[in-house]
Amino acid sequence: MTVFRFKQFAVKQTDSAMKVGTDSVLLGSLVKAKYPKRILDMGTGTGLLALMMAQRFNEALIDAVEIEEKAFAEATYNATQSVFSNRIKVVHQSVQEFAQTTDEKYDLIVSNPPYYEAENSFGIQVQNRSHARHTVSLSFDALLESISKLLSEKGMCWMVLPTMEAERVMAKVAQSGLYCTHQIAVHPNPSKAFNRIIFCLTKTGSDPIRETFMIKNEQGVYTDSYREVTWPFLLWNK
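Remember, it's a predicted structure, so these values are computed and weren't measured experimentally.

Caption draft 1: Structural detail: the overall build of the protein. Per the secondary structure count, the protein includes 8 helices and 10 strands. Residues counted as buried form 51% of the 238 residues belonging to the protein. Sequence-distant contacts, at least 24 apart, represent 70% of the contacts inside the protein between residues at least 6 apart. In the structure as shown, the protein presents an accessible area of about 11900 Å², 49% of it carried by carbon and sulfur atoms.

Right under this line is the structure:
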């Protein structure tokens, strides 16, 4: 059994195609929201973001949607084994189906969605990983349509994507009735250009706040900023 241990929970990731990674850890750490009561994790994978949201917002109820069967089973296990089990519900369904069958509106949506639009990808040998990384079953248009339907009027949707894919999503945002209000350009280190964007979508418009975030310094050591924001979750040595 492969388990990634955090301070307040553990993530079993033996069967899930997408393992615990920096993208989700950083997204879960940087999300900004004011006391959300209902939270949705779209494409939960192992359930990591749902667990992080449960830890951060201790009165919120969290729904976590996952279409891939093995990931759903693992997310369910991780949620039920956690101290947050009474507040997390894992749903075995596609995001599109969930959006069409629920009347719930969410104050906060989080997602580390598929990376590459299928027509622009070269395919991945492992089918489960392909579904996790590619928009085989969830196009960016369908993703935005679902967000627009599920988000409450004052809600916020926070996502992380590689730069090119994030820019492609944001180019489609206006057509879906959403607005990008926050962008965080994530740099691996000072010598490399940013390769991820964490961004926030809402139903009300404003000029986007733009920030940068550095994961490691010139020596390849995690920055104080990264250690600070992930400190509540990761088992850093003192």
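Caption draft 2: Spotlight on the environment of S85. Tracing the backbone shows S85 in the loop between α3 (69-80) and β5 (88-92). Taking C-alpha positions, S85 is 9.1 Å from L51, a pair spaced 34 residues apart along the chain.

Caption draft 3: Quick peek at the environment of A50. Within the secondary structure, A50 is located in helix α2 (residues 48-56). For A50, a relative accessible area of 2% gives the class buried. Residues A50 and V90, spaced 40 residues apart in sequence, show a C-alpha to C-alpha distance of 9.1 Å. Here A50 is in contact with D41, T44, I62, A64 and I88, once residues within four sequence places are set aside.

Calculation rules
Residues numbered from 1 in each chain as written. Predicted model: local features only at pLDDT ≥ 70, side-chain atom pairs only at ≥ 80, totals over all residues. Heavy atoms only, no water. Helix = DSSP H or I, 4+ residues; strand = E, 2+ residues; numbered from the N terminus. Buried < 20%, exposed > 50% of the residue type's maximum accessible area, 1.4 Å probe, protein only. Contact = heavy atoms within 4.5 Å. Areas by Shrake-Rupley, 256 points an atom, 1.4 Å probe, with all protein chains shown as cover.

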